[in-house]
Amino acid sequence: SRKRRDQLLFALFALNVGLWYFTSVLTKLLSGTFWARANFAFGVLLPMAAVQFFRVFVADDTRWNKAIHRGSLICAGIILATTPTPLYRHLFVRSTIVVYVSVFLFASLAMLYLRSRSATSKFEAARLMFLALVGGLAGFFAVFEYLPFLGVDIPPVGSILVLIFLYMLHQSVLQLRLIDLYELAGRLAVLTALSFTLAGILWLLADLGGRQYFLHAVVAALVVLVLFDPVRRRVLEQIGQILFRERFDLDRQVQDLRRQVAHVLQREELSDVLMNGLEQSRRVTHASIYLGEESLRRYDVVGFVGPEPVARLEMAPAGPLLERIKEEGYLVLENIERQLAEQRNAGEDRDAETLYEISQTMDAMHSSLCLALQSQDGDLYGLLSLRDQRMRDAFSPEEIGLLMGLAAQTSIALENSRLYQQLKERDRLAALGEMAAGLAHEIRNPLGAIKASAQYLTDGREDEDDEFLDIIVEEVDRLNRVVGSFLDYARPSRGNPSPTDINAAIERTLHLLKSEVRDVAVSVDLAEELPKVRIDLEQLRQVLINLIQNALQAMDYDGDLHLSTVVQAADDQQVVKILVHDTGPGIAADVRAKLFVPFVTTKQRGTGLGLAISQRIVSAAGGRITVRTNPSEGTTFVIELPAYEPAGSPSTASNSESAPSPSSDSRSAGAGDAPRSVATSR
């Protein structure tokens, strides 16, 4: 819809080539001089069209370019004047055409070459140099296409290279940077070599073996199939080393770095391996890696090369960059700045502001290329930032593809690191379980003796010192409970899972805790016709007691406690939810990140095992516990358990329709939909 002048001139150049070949065919097929004269005219116009196109394409109107342009116009006009006359068949005129084509075709290609020497961008220079080399080869064979004008009949080998050259020009016109030169050059060389091999074999067999064309074709095909793989590998390697040395070296270095990263299991070691490898590649002057957890709402720099970048990316300021890189996988500063200029020129200020924020964040990171480190599910583990300050467009699209492969390998290493840490934690807990069993035997017996002795001393006595004996008994009981918690967590009993009525369990638990909740406003909203769940009743009560006692302590026994149940359909299965909501101050982000980690507690007299044991019990029943917290609305713990369906019974999915909506009660809505945000610690 917006054809530039170079696109129009390329279209005319390509059309000229097409008409030249088309009239060549018609000249041989049809009698008369009309198509011969037309073929002669298009052959004369071809170099002039090439000069016109290349003059605009290189955008460098020097005195040399102007001279070539004027010379082509003058020569083309003089030769075209002979077209209506019999002179166009004269040997002198036709010899002049061959000289004219040779001079101006190669002069236009020389324009490309000279422009490549003065280009400020190394990739623009590589593109123009590559086109000049391929064009020179195509032009050399194209000259042979004019030899039939002199009565010399040769195979039309130039047609192949001319068409390939047109394809290269087409890509150059439509792309800001040429498509993968490395890949394209390799394919071009391999296909050209094999094409000429096949043609040579067929010609030789036909010349020596007569008209047995089927046999000739089979033999030629077998030769090509045998040669294809070794020729392709060898040609690609040689082209990479000769024409694209930097790309070839970067490819090899990135592959080595990917192999190193694949064997790393520690995040700190991963950062060191990446930074050292990128620095040794000599393709970056600045590099950094940012890692973080989404729950912390920030990404911290854990390693860098060159000047120190900004130490931390907060979710809010860096939001535009993080959102866009999640979608695209990488960001190039040069592209962002170009889009920013286009948006401003178009008057789209809102989009321009977003792009401006992204560019400012990348500047703070010392980044011209930013790569996402994310899981297959789209979770953003971190960012890999690169820059080469020696040039603006340091990384070509094909090199960005290589580096994206490195980023993907790094993401896998980060995922492996997480799994490795989980395995280490499991090993630690397994060892802790064995130690807890020994502690129970070694500690509980002395504790029993100490308690019995203290109680014996207090029997039948009324002394002021008895208060200290009571303290001994109380502390012994507390220590005994701690040891019991160790055992519960280290060697959890599966209990006796059976179909359990959740509503009845909640009512019974509140009845048991009646004395503790007497100063708290308690409300209950239990769904009717709630399906049963398969879990041990006593273990479920233990979970409910833990959550209710935590809520009471968070509110300092002064607030509102709300318990509710609801059933929902999820993945063709019903899920029963228990919501325990309090109006306390909420849970701080640093505490929430370790909420279910064993032995982590903010209570002075707590063991830090209550929530860990609760999570284990619920997980063993096939469910999960999640938490929602907000300083203005408090905290909600949500227990999700799969509904129990006896074998052979019809699905109870229709029951979910009778479950009350969480918004049917204002207190229930607040408990069930409390937003996830940060507040003070519990």
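Residues numbered from 1 in each chain as written. Predicted model: local features only at pLDDT ≥ 70, side-chain atom pairs only at ≥ 80, totals over all residues. Heavy atoms only, no water.

Novice: Any chance you could explain the packing of helix H11 (residues 319–328) against helix H13 (residues 349–364) here in plain terms?
Specialist: How two helices sit against one another is set out by the angle between their axes and by the gap between those axes. Interhelical geometry of H11 versus H13 gives an angle of 95° and a closest axis separation of 8 Å. The orientation of H11 with respect to H13, classified from their angle, is roughly perpendicular. Two secondary-structure elements touch here, H11 through Pro320, Leu321 and Arg324 and H13 through Thr354, Leu355, Glu357, Ile358, Thr361 and Met362. Along the lines of polarity and charge, the residues of the contact of H11 with H13 split into 5 nonpolar, 2 polar and 2 charged. (Axes fitted to C-alpha atoms, helices over the stretch in contact; angles between N-to-C directions. Helix = DSSP H or I, 4+ residues; strand = E, 2+ residues; numbered from the N terminus. Parallel < 35°, antiparallel > 145°, perpendicular 65-115°, else oblique. Contact = heavy atoms within 4.5 Å. Nonpolar A, V, L, I, M, F, W, Y, C, P; charged D, E, K, R; others polar.)

Novice: Explain the environment of histidine 69 here, please?
Specialist: Mapping histidine 69 onto the fold places it in helix H3 (residues 63–80). Ignoring sequence-local partners within four residues, the contact set of histidine 69 consists of Val51, Gln52 and Arg55.

Novice: I keep staring at empty space enclosed by the protein and nothing clicks. Help me out?
Specialist: Gaps left between atoms are located by rolling a probe of water-molecule size over the structure's atoms. All chains considered together, the criterion is met by 3 cavities of 30 Å³ or more. Looking at the largest cavity, its volume works out to about 160 Å³. In terms of lining, the largest cavity is formed by 16 residues, of which the most central are Phe13, Leu105, Ala142, Val162 and Phe165. Mapped onto the lining of the largest cavity, the elements with two or more residues apiece are helix H1 (5–29), helix H2 (34–57), helix H4 (91–118), helix H5 (122–144) and helix H6 (158–174). (1 Å grid on protein atoms, 1.4 Å probe; cavity = no way out; pocket = protein on both sides within 12 Å on 5 of 7 lines; lining within 4 Å. Points joined across faces, edges and corners; volume = space filled by probe spheres on them.)

Novice: Can you walk me through a nonpolar patch on the surface in this structure?
Specialist: Together, Phe214, Val218, Leu222 and Leu225 make up a nonpolar patch on the protein surface, roughly 460 Å² of accessible area in all. Position of leucine 225 among the secondary structure elements: in helix H8 (residues 213–242). (Patch = residues over 30% accessible without salt bridge, like charges linked within 9 Å, V, L, I, M, F, W, Y side chains within 5 Å. Areas by Shrake-Rupley, 256 points an atom, 1.4 Å probe, with all protein chains shown as cover. Salt bridge = Lys/Arg side-chain N within 4 Å of Asp/Glu carboxyl O.)

Novice: Which parts of the structure should I look at to understand helix H16 (residues 502–512)?
Specialist: An α-helix turns once per 3.6 residues; consequently, residues spaced three or four apart project the same way. Within the span of H16, buried status applies to Ile502, Asn503, Ala505, Ile506, Thr509 and Leu510. Here the buried residues of H16 occupy an arc of 160° about the axis, which is enough to place them on one side. Two or three places before asparagine 503, at the opening of H16, aspartate 501 has a side-chain oxygen 3.1 Å from that residue's backbone nitrogen. (Buried < 20%, exposed > 50% of the residue type's maximum accessible area, 1.4 Å probe, protein only. Arc of directions from axis to C-beta. Polar contact = N/O pair within 3.5 Å; in protein donor to acceptor, adjacent residues only side chain to side chain.)

Novice: Help me out: how do you make sense of a negative patch on the surface in this one?
Specialist: The grouping of Glu348, Asp349, Asp351, Glu353 and Glu357 at the surface amounts to a negative patch. Its location among the elements puts aspartate 351 in helix H13. Overall, the relative accessible area of 41% leaves aspartate 351 in the partly exposed class. (Lys, Arg positive; Asp, Glu negative; His and termini not counted. Charge placed at Lys NZ, Arg CZ, Asp CG, Glu CD.)

Novice: Explain the packing of helix H12 (residues 333–345) against H13 here, please?
Specialist: Put simply, H12 and H13 touch, their axes get as near as 9 Å, and they point 155° apart. It follows from the interaxial angle that H12 and H13 lie roughly antiparallel. Between H12 and H13 lies a crossing of left-handed hand. Contacts between H12 and H13 involve Leu333, Ile336, Gln339, Leu340, Gln343 and Arg344 from the first element and Asp351, Ala352, Leu355, Tyr356, Ile358, Ser359, Met362 and Asp363 from the second. (Left-handed = near helix turned anticlockwise from the far one by under 90°.)

Novice: Sorry if this is basic, but what is going on with the sheet that holds strand S6 (residues 380–387) here?
Specialist: Strands pair in a sheet through their backbones, by hydrogen bonds, and they do so in one of two ways: parallel or antiparallel. Spatially, S3-S2-S1-S6-S5-S4 is the arrangement adopted by the 6 strands of the open sheet, whose pairing is antiparallel. Where the open sheet ends on each side, the last strands, each with one partner, are strand S3 (312–314) and strand S4 (330–332). Direction aside, the axes of adjacent strands within the sheet are offset by 20° on average. Across 6 bridges, the pairing between strand S1 (residues 286–291) and S6 is antiparallel. The partner of histidine 286 across the bridge, within S6, is arginine 387. Strands in contact with helix H10 (residues 267–280) are S1, strand S2 (298–305) and S6; relative to S1, the strand with the most contacts, it is inclined by about 160°. The sheet strands contacting H13 are S3, S4, strand S5 (369–374) and S6, and the helix crosses S4 at an angle near 90°. (Pairing = 2+ DSSP bridges.)

Novice: What's the story with the pairing of S5 in this structure? I'm lost.
Specialist: Each regular strand carries side chains that alternate between the two faces of the sheet. Judged by how many residues are buried, S5 sits mostly within the fold: 5 of 6 residues are covered. Alignment of S4 against S5, held across 3 bridges, turns out to be antiparallel. When the bridges of S5 are listed, valine 332 appears paired with leucine 369. The pairing of S5 with S6 spans 6 bridges and is antiparallel. Note on S6: the bridge partner recorded for glutamine 374 is leucine 380.

Novice: For this particular structure, what's the right way to read the nonpolar core?
Specialist: Nonpolar side chains in soluble globular proteins generally cluster together in the buried interior. With 49 residues, the main nonpolar core has Phe13, Phe54, Ile97, Tyr100, Leu112, Tyr146 and Leu169 as its most contacted residues. Looking at this core, the elements that each hand over two or more residues are H1, H2, H3, H4, H5 and H6. Once residues lying within four places of it in the same chain are set aside, the contact partners of phenylalanine 13 are Leu46, Ala49, Ala50, Leu166 and Leu169. (Core = buried A, V, L, I, M, F, W, Y, C linked by side-chain atoms within 4.5 Å.)

Novice: Can you walk me through the packing of aromatic side chains in this structure?
Specialist: Between two aromatic rings, the relevant description is the distance of the centres plus the angle of the planes. By the definition in use, this model includes 7 aromatic pairs. A centroid spacing of 5.0 Å and a plane angle of 75° characterise the contact between phenylalanine 34 and tryptophan 35, whose relative ring orientation is edge-to-face. You can call tryptophan 35 partly exposed: its relative accessible area is 27%. Look at tyrosine 100 and phenylalanine 104: their rings are 5.4 Å apart centre to centre, the planes differ by 55°, and that puts the pair in the tilted class. Here phenylalanine 104 and tyrosine 100 lie together in helix H4, a separation of 4 residues that amounts to about one turn. We note that tyrosine 100, like phenylalanine 104, is buried. (Phe/Tyr/Trp six-rings, centres within 6.5 Å; stacked < 30°, edge-to-face > 60°.)

Novice: How should the side chain of serine 288 be read in this particular structure?
Specialist: Mapped onto the secondary structure, serine 288 falls in strand S1. We classify serine 288 as buried; its relative accessible area is 1%. The contact partners of serine 288, leaving out residues within four places of it in the chain, are Met275, Val301, Gly303, Phe304, Pro309, Met365, Leu383, Leu384 and Ser385.

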